[in-house]
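Here is what each chain is made of, one letter per residue.
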Amino acid sequence: SCVHPDRPEPLDLHLGMFLPTLLNQATPEQMERFFTPAWNLRIIGTYAQTEMGHGTHLRGLETTATFDPSTQEFVLHSPTISSIKWWPGGLGKTSNHAIVLAQLHTQGRCHGLHAFIVPIRDMDTHVPLPGVVVGDIGPKFGFSEVDNGFLKLEHVRIPLDNMLMKFAKVEPDGTYVKPPSAKLTYGMVFIRSMIVGQSALALAKSCTIAIRYSAVRHQSELRPGEPEPQILNYQTQQHKLFPVLAAAYAFTFVGQYMKDTYRRISGDIHAGDYSQLPELHALSAGLKAFTTWAANAAIEVCRMSCGGHGYSRSSALPDIYVEFTPTCTYEGENTVMMLQTASRYLVKSYRQASVGQRLQGSVSYLSEAAAQRLRPRPVSGGAAPLSTQDLLSLVHLYQRRAASLVELAAKSIQQELQRGRSQEEAWNHSSIDLVRASDAHCHFVVVKLFVDKLEQVDDAAVKAVLSTLALLYALKGLADNSGDFLQAGLLTVPQATRVSARIKELLEELRPDAVALVDAFDLNDRKLNSVLGRYDGNVYEHLYEWARQSPLNATEVHESFHKYLKPLRSRL
Ligand SMILES: CCCCCCCC/C=C\CCCCCCC/C=C/C(=O)SCCNC(=O)CCNC(=O)[C@H](O)C(C)(C)COP(=O)(O)OP(=O)(O)OC[C@H]1O[C@@H](n2cnc3c(N)ncnc32)[C@H](O)[C@@H]1OP(=O)(O)O
Ligand SMILES: Cc1cc2nc3c(=O)[nH]c(=O)nc-3n(C[C@H](O)[C@H](O)[C@H](O)COP(=O)(O)OP(=O)(O)OC[C@H]3O[C@@H](n4cnc5c(N)ncnc54)[C@H](O)[C@@H]3O)c2cc1C
């Protein structure tokens, strides 16, 4: 069958991680030796980092690479059952090489995790090489097209030059040369940055299907005696779908920003300037978690908004969900990523701002908040006036909510320390607050980028409808997180009531443009692969045709009648 353009594929890891890791971490000689044959699919590789016992805790990975100066080789070994590489895509049956992350041992010392190119199958026969035990990990929730595999290495020897040495090196005598920055060997930033755009695409596909279907589906009665209305005319249906539509546009702009930021900062890194790596790591980790969690939930909202036909695979929504949901786990489990952004960036920046340091980039608002804390608070102390029309004031509200939650997390750590807890315990006992702070920071970034993007739109009509979407996105987020804003003194109960009323108005304003706004994603029928989301809206005829094609309908009487039902009858 033809390969569906968006379905997971066994070569995804080769294209999405093996090649990019070579580009980022191989020497020119290694590029010559490996990249060219890999580009021509002579070498097919995967990225083998996760083990049966560890995925998140990289420092806990057990696979070893021990340098043998007498033979100028590394010996790769899986010392325990839990050290068996587990999950890498394309590892089970497709790849003949793997970039294996292993603890480097040389001259009797361990130097931490490094990347090694390990041949695992014969280039001609595809038979596993000596010392290599490799296979598929078995059926999964989805991703059935991908042979996620296991890899057990039994004292497998590879040449010294198979360690990726653009940054760290091992000399022929076994001397270890440190990389310019230990952070350069982490990787994953590229794919995390790309996943933000994948979240936008998943949302765009899902709301295109659900909104188009909601425009052709007629059900129940709005006014007695009148024809059944389009379900898109129900306020609850709009309340489900239009915020998803707004988020699809918001994440599209954020995905573009993330790609541009990755390109800019990785260019600086290749030029030897590592100063922006913390911002890139924090932004990609946080936005990957924020957008995938939001998209994951929204796909299910779209599926359920299509009623029974949403549960049919003809809608494509079950497949979109099954293929998207692991993004919340892989490339950095979302909670862990949110904690990274908070602990390694936001709290550190908060402390720098608190001693007067001028911050740059996405945390510059923490400097403004620190300065604000030094000024006398207004006597009223109440929430500032709220405009449900002015986008810039809403951006500022999100900024202040983020600053407030970062401060709350930082103060929680301080309080835990004052109670006598250790550093590690203080952080662990503040981790719920840390995740909230990261979530609020990412939410502010998304709202700000959406509003910034509007400044680039020249067409007045387009700018007007995008502004309505941005307002809906910001106000819906305000309503969904009103506890944060109320707790921070940024919102009053009467203001929250006005927000709810304004959201209803915006839903009504967007109704006439809803179908045009999903058509604007320009997702053709082949890409959507959905009977419910067809551009021509001819759902019922194609739903019937789709069902008729089901394998179960190949015969009028299924063999099960003769094999089971009939014999069962005769015994009753
Ligand atoms: C040629 C190209 C063609 C391209 C075509 C594209 C086609 C695309 C097709 C398909 C797409 C691909 C499909 C992909 C399918 C999914 C595949 C899934 C793969 C995986 O899941 S790979 C495995 C992912 N695993 C992880 O992400 C592990 C998560 N855990 C960690 O990252 C770490 O354990 C940790 C960061 C949570 C903790 O590590 P550690 O304790 O060692 O570090 P800390 O003490 O917290 O921090 C130390 C220090 O380092 C900084 N840091 C941490 N991580 C990074 C990073 N990644 N980058 C930069 N810096 C990092 C951290 O901020 C600290 O800094 P400071 O000391 O505070 O300054
Ligand atoms: C479809 C799919 C494809 C994959 N492809 C690859 C691949 O190609 N290559 C590869 O190397 N890996 C791959 N993986 C593995 C993936 O990277 C790991 O599953 C992921 O990193 C999470 O690690 P884990 O599974 O060990 O979960 P764990 O880290 O054990 O997480 C379990 C729970 O513990 C919590 N937790 C863990 N650490 C902390 C902490 N410090 N603080 C608070 N809570 C914590 C998490 O939040 C989570 O709730 C893939 C996984 C999937 C599902």
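Predicted model only: the values in this text are computed from it and were never measured.

Asker: Would you explain the UniProt feature "domain: Acyl-CoA oxidase C-terminal" (unreviewed entry) in the protein chain in this entry?
Answerer: Here the UniProt-annotated "domain: Acyl-CoA oxidase C-terminal" (unreviewed entry) positions come out as residues 393–568. Spanning residues 393–568, this segment combines 74% helix with 0% strand, and its end C-alpha atoms are found 71 Å apart.

Asker: Sorry if this is basic, but what is going on with the UniProt feature "domain: Acyl-CoA oxidase C-alpha1" (unreviewed entry) in the protein chain here?
Answerer: With numbering matched to this structure, UniProt assigns "domain: Acyl-CoA oxidase C-alpha1" (unreviewed entry) to residues 187–346. The span residues 187–346 shows a helical share of 74% and a strand share of 0%, and its end C-alpha atoms are spaced 21 Å apart.

Asker: Just to check I follow, could you spell out the site of ligand 2 for this structure?
Answerer: In the vicinity of ligand 2 there are 20 residues, among which Tyr47, Thr50, Gly55, Thr56 and Glu333 approach most closely. In the model, an oxygen atom of ligand 2 is placed 3.1 Å from a nitrogen or oxygen of the glutamine 49 main chain. Measuring from an oxygen atom of ligand 2, one finds a backbone N or O atom of glycine 89 at 3.0 Å. When the free accessible area of ligand 2 is taken as 970 Å², the share hidden by the protein chains comes to 63%. With 3 residues, helix α8 (residues 334–354) is the largest single contributor of residues to the shell around ligand 2.

Asker: What exactly am I supposed to notice about the pattern of salt bridges here?
Answerer: Opposite charge on two side chains permits pairing when their charged atoms draw close. In total, this model carries 25 salt bridges according to the counting rule given. When the shortest N-O distance is used, the salt bridge between aspartate 68 and arginine 157 registers 3.2 Å. Residue aspartate 68 is located in strand β2 (residues 64–68), and its partner arginine 157 is located in strand β9 (residues 156–159); the two are separated by 89 residues in the primary sequence. Since its relative accessible area comes to 43%, arginine 157 is described here as partly exposed. The residue arginine 401 makes a salt bridge to aspartate 484 at a minimum N-O spacing of 2.9 Å.

Asker: Sorry if this is basic, but what is going on with the site of ligand 1 here?
Answerer: Around ligand 1, the surrounding shell holds 30 residues, and the nearest of these are Thr56, Arg59, Lys183, Tyr186 and Lys348. Here lysine 348 contributes a side-chain N or O atom positioned 2.6 Å from an oxygen atom of ligand 1. Within the residue set of the shell around ligand 1, elements represented by two or more residues are α1 (12–25), α3 (189–216), α5 (277–304) and α8. A total of 8 residues in the shell around ligand 1 trace back to one element, the largest contributor, which is α1. Split into classes, the residues belonging to the shell around ligand 1 amount to 14 nonpolar, 9 polar and 7 charged. Mapping the shell around ligand 1 onto the domain boundaries places at least three of its residues in each of domain 1 (11–173) and domain 2 (189–357 + 392–406 + 432–517).

Asker: Honestly, unusual backbone geometry in this entry has me stumped. Any pointers?
Answerer: Where the residue is not glycine, phi is negative for most of them; where a peptide bond is considered, it is trans in most cases. You will see that leucine 41, though not glycine, has its phi angle at about 60 degrees, which is positive. With respect to the helices, strands and loops of the structure, leucine 41 is situated in the loop between α2 (28–39) and β1 (45–48). Positive phi, normally seen in glycine, also occurs at glutamine 72, with a value near 55 degrees. Counting through the fold element by element, glutamine 72 comes out in the loop between β2 and β3 (73–77).

What counts, and where the lines are drawn
Within each chain, residue numbers correspond to sequence positions counted from 1 in written order. Written order decides the labels, with chains lettered from A and ligands numbered from 1. In view of the model being predicted, local features appear only for residues whose pLDDT reaches at least 70, and side-chain atom pairs are presented and counted only at 80 or more, with totals across whole chains, interfaces and linings using the full set of residues. No hydrogens and no water enter the side-chain calculation; it runs on all heavy atoms of the structure. UniProt positions are given in the numbering used here, feature names are shortened, and annotations may be inferred rather than shown by experiment. Strands are runs of DSSP state E lasting at least two residues, helices are runs of H or I lasting at least four, and both sets are numbered from the N terminus onward. Whether a residue is near a molecule or strand is decided by its heavy atoms; if any one of them lies within 4 Å of it, the residue is near. Any pair of nitrogen or oxygen atoms within 3.5 Å is treated as a polar contact; in protein, a donor-acceptor pairing is required on top of that, and neighbouring residues in sequence qualify only through side-chain atoms on both sides. Methods summary: accessible areas were calculated by the Shrake-Rupley approach with a probe of 1.4 Å, and residue burial reflects only the protein chains presented. A pairing counts as a salt bridge when a side-chain nitrogen of Lys or Arg comes within 4 Å of a carboxyl oxygen of Asp or Glu. Accessibility here uses a 1.4 Å probe with only protein chains present; expressed as a share of the type maximum, an area under 20% marks a residue as buried, one over 50% as exposed, and anything in between as partly exposed. For this scheme, ten residues count as nonpolar: Ala, Val, Leu, Ile, Met, Phe, Trp, Tyr, Cys and Pro. Four count as charged, namely Asp, Glu, Lys and Arg, and the remainder, Gly too, count as polar. These domain boundaries are the output of an automatic or database domain assignment.

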